[in-house]
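# Residue-level structural notes
Residue strings, one per chain:
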Amino acid sequence: MQDLGGAFGEALRLIVQLDRDLLEIVGLSLRVSLSAVALAALIGLPLGAVVAICRFPGKAIVVATLNTFMGLPPVVVGLVVYLMLSRAGPLGELGLLYTPSAMIVAQTVLVTPIVAALARQTVEDMRSEYWEQLHAFGVGTGGMVATLLWEARLSLVTVLLAGFGRAVAEVGAVIIVGGNINHVTRVMTTAIALETSKGALDLALGLGIVLLALVLGVNGLASGLRGMVARHGHA
Amino acid sequence: MAMPEAAIAASAVPGSLPPAAEVVLPIAGRGLVVRRGGRTLIDGIDIAFDGHGLTVVLGANGAGKSLLLRLLAGLVAPDGGTVTWGGTPPQRRHAPFVGFVFQRPVMLRRTALGNVRYALKAAGVPRSMRDAIAHRALGDAGLGDLAGWPARLLSGGEQQRVALARALASSPRALLLDEPTSNLDPASTLAIENLVLAARKAGTRIVLVTHDLGQARRLADEIVFLHAGRVLERAPAQHFLDGPSSGQAQAFLEGRIVL
Ligand SMILES: Nc1ncnc2c1ncn2[C@@H]1O[C@H](COP(=O)(O)OP(=O)(O)O)[C@@H](O)[C@H]1O
Ligand SMILES: [Mg+2]
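Quick summary incoming for the structure in this document. (Residues numbered from 1 in each chain as written. Chains lettered and ligands numbered in written order. Predicted model: local features only at pLDDT ≥ 70, side-chain atom pairs only at ≥ 80, totals over all residues. Heavy atoms only, no water.)

Below, the discussion takes up the overall build of chain B. Regarding its fold elements, chain B presents nine helices and nine strands. Computed over its C-alpha atoms, the radius of gyration of chain B comes to 18 Å, within 12% of the 18 Å expected for a compact globule of 259 residues. Principal axes of the C-alpha set define a box for chain B whose edges measure 55 × 40 × 35 Å. With 259 residues in all, chain B has 54% of them scored as buried. The long-range share in chain B, meaning contacts at least 24 apart out of those at least 6 apart in sequence, stands at 69%. Just so you have it, chain B exposes about 10,900 Å², and 52% of that area is on carbon and sulfur atoms. (Helix = DSSP H or I, 4+ residues; strand = E, 2+ residues; numbered from the N terminus. Rg over C-alpha atoms; globule rule 2.2 N^0.38 Å. Buried < 20%, exposed > 50% of the residue type's maximum accessible area, 1.4 Å probe, protein only. Contact = heavy atoms within 4.5 Å. Areas by Shrake-Rupley, 256 points an atom, 1.4 Å probe, with all protein chains shown as cover.)

In structure tokens form, the structure reads like this:
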């Protein structure tokens, strides 16, 4: 096993010199997690807003379900998506297992409830302020969904950042459906797990530093945005 | 939402009213009752507003003024009775013909101009006409210079003027206002009152809630006096202010607390 100081120096060298393997892994991580968040936004934002704006029987149950699904364990999501995509599964025909697409699907399943639940909360807070005025304008439900999503846009960016932070840092789902195949489905988290177990600490540490910087940066951006929203009521 | 062509054409000329807007009059409530938590907040109100002029709704805090206005605007469903616009239940496509200004202006996170444009879009005014109408509405409200400002960064008085300009932009046949000046300084109050008077002169049917007697004196053609969820009096303004018939209204005018 390498000594820690040496591994750390080597890790920094990989980052500074923009090592090809490292870049490839970081690039795939970003591609998978950003795609997953984009899909989660497409589904989760309108879903959350509709639940927030509409009054319907069983709404409390839907809200509770959304909130519960925020805490889905990644390995369980991985397992379920694996079963769907495996040869014998209902979507086996698509041949997606062990491809980046499978990883995107898994992370989308993981992140969509988070986006939907947080968007529901955000939009519901606005509903009370806007509903009567928009109704007086003659705006219908669809118009209200679109309007309140737009009015909440800054808060919703922090929601998407939270979703991205969760997606890019999870390992359980992508390792099951992606398989951690070198140059194909290896992302930061799965690579760190593998390289560490092999004792190749330099690449593991290098990726760990990049991942840490990314997650901290995203969280910093999110809390900065939240502060801005609080101060200015995002005019 | 479709808007009849006549209405669109008329919208382009503030001051003239689209004939199609007539469908919302009279705005009427029959046998209105609202109960919440065992209390009867609106206690059997029959009322209708038609034609022209400006009605001020007076009454102490908690008399049910805001609730009555929101019922008539179709924003709250009564527990008993019915609300009709032109004889039929309020319809979404007619909403732009019944303007509503709230006590606290609700500004969208856009510019002042963007706020007016939004209301025009909701009213079905074609995109190509929105800018011109919105600029004119803001100009009439003395807000021409602030058109490009984020609405939420305007002062309270300016926001309320934007809210009024926004409500008037779609040339409503009726305008309901709930204590529009209760949070404003005298200059802003005067600006709002002048806009309301101009709309009245242009033919808009106006119902304005206030508990400010001075405002009632300055604006009202007639007065409706509400007490404990009931209409106690409805009379020409001068008549009411000179000598109301009910003891509660008498006490209200003298500034005594009425229970
Ligand atoms: N949604 C509601 N639930 C319970 N009570 C309400 C509700 N809306 C209004 N009230 C009560 O109804 C009464 C009349 O309210 P409101 O119409 O706002 O009075 P006003 O505008 O004349 O001051 C008040 O006592 C108020 O507390
Ligand atoms: Mg009130």
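Additional details are given in the paragraphs that follow.
Attention now goes to the pattern of salt bridges. Residues and elements named next belong to chain A. Counted according to the given criterion, the structure contains 16 salt bridges over all chains. A salt bridge links E195 to R186; its shortest N-O distance comes to 4.0 Å. Residue R186 is classed as buried on the basis of its relative accessible area of 11%. Put simply, K198 and E195 hold a salt bridge, and the shortest N to O gap is 3.6 Å. Of this pair, K198 and E195 both sit in helix α9 (residues 188-198), three residues apart, which is roughly one turn of the helix. Shared partners join several salt bridges into a network, and the residues in it are K59, R120 and E124. (Salt bridge = Lys/Arg side-chain N within 4 Å of Asp/Glu carboxyl O.)

Residue and element names in this part refer to chain B. Enumeration according to the criterion identifies four aromatic pairs over all chains in this entry. Both rings, one in F225 and one in F240, keep their centres 5.9 Å apart while their planes meet at 35°; by these two values the pair is tilted. Of this pair, F225 sits in strand β8 (residues 222-227) while F240 sits in helix α8 (residues 237-242), and the two are 15 residues apart along the sequence. One exposure class covers both F225 and F240, and it is buried. Counting every residue linked through ring pairs, the aromatic cluster contains F225, F240 and F252. (Phe/Tyr/Trp six-rings, centres within 6.5 Å; stacked < 30°, edge-to-face > 60°.)

Residue and element names in this part refer to chain B. Here A134 lies in helix α4 (residues 127-140). Overall, the relative accessible area of 0% leaves A134 in the buried class. For the pair A134 and L168, spaced 34 residues apart in sequence, the C-alpha to C-alpha distance is 9.8 Å. Ignoring sequence-local partners within four residues, the contact set of A134 consists of L113, V116, R117 and L120.

Turning our attention to the pairing of β8 of chain B. All names here are of chain B. For β8, a buried count of six out of six residues is recorded, marking the element as mostly surrounded by other parts of the structure. Burial along β8 is two-sided: E222, V224 and L226 facing one way and I223, F225 and H227 facing the other are all buried. The pairing of strand β3 (residues 54-58) with β8 spans four bridges and is parallel. Along β8, the bridge assignment pairs L58 with F225. Of the strand pairs in this sheet, β8 and strand β9 (residues 230-236) are connected by six bridges, and their pairing is antiparallel. When the bridges of β9 are listed, H227 appears paired with R230. (Pairing = 2+ DSSP bridges.)

What follows deals with the interface of chain B and chain A. By a frequent convention, interface size equals the accessible area lost on bringing the separate parts together. Counting from both sides, the interface comprises 23 residues of chain B and, opposite them, 21 residues of chain A. Of the roughly 2,000 Å² buried between chain B and chain A, counting both surfaces, carbon and sulfur atoms make up 53%. When the buried surface of chain B facing chain A is broken down by residue, L75, R109 and Y118 of chain B rank first, second and third, together holding 35% of it. There are four salt bridges connecting chain B and chain A. The partner of R70 of chain B in a salt bridge is E132 of chain A, with the nearest N and O atoms 2.9 Å apart. One can count 10 residue pairs in polar contact (both at pLDDT 80 or more) joining chain B with chain A. For the side of chain B that touches chain A, the secondary structure elements donating two or more residues are β5 (98-101) and α3 (112-122) of chain B. It is α3 of chain B that contributes the most residues to the side of chain B that touches chain A, three residues altogether. Taken together, the residues that form the side of chain B that touches chain A break down as 16 nonpolar, one polar and six charged. (Buried area = accessible area lost by both parts, 1.4 Å probe. Polar contact = N/O pair within 3.5 Å; in protein donor to acceptor, adjacent residues only side chain to side chain. Nonpolar A, V, L, I, M, F, W, Y, C, P; charged D, E, K, R; others polar.)

For the rest of this paragraph, the subject is the side chain of R166 of chain B. Among the secondary structure elements, R166 of chain B is positioned in helix α5 (residues 156-169). As a buried residue without a salt bridge, R166 of chain B has its nearest oppositely charged side chain in E151 of chain A, at a separation of 8.4 Å. Polar side-chain contacts of R166 of chain B include one of 3.1 Å to the side chain of Q133 of chain A. (Lys, Arg positive; Asp, Glu negative; His and termini not counted.)

Our next topic: unusual backbone geometry. For the bond running from L25 of chain B to P26 of chain B, omega is -5°, close enough to zero to count as cis. Tracing the backbone through its elements, the reader meets P26 of chain B in the loop between α1 (5-11) and β1 (27-36). Located in the positive-phi region is Y98 of chain A, a residue other than glycine, with phi close to 60°. Among the secondary structure elements, Y98 of chain A is positioned in the loop between α4 (74-85) and α5 (100-137). Relative accessible area serves as the criterion here: at 36%, Y98 of chain A is assigned to the partly exposed category. Backbone geometry places E179 of chain B, a non-glycine residue, at a positive phi of 40°. Considering the arrangement of structural elements, one finds E179 of chain B in the loop between β6 (174-178) and α6 (186-201).

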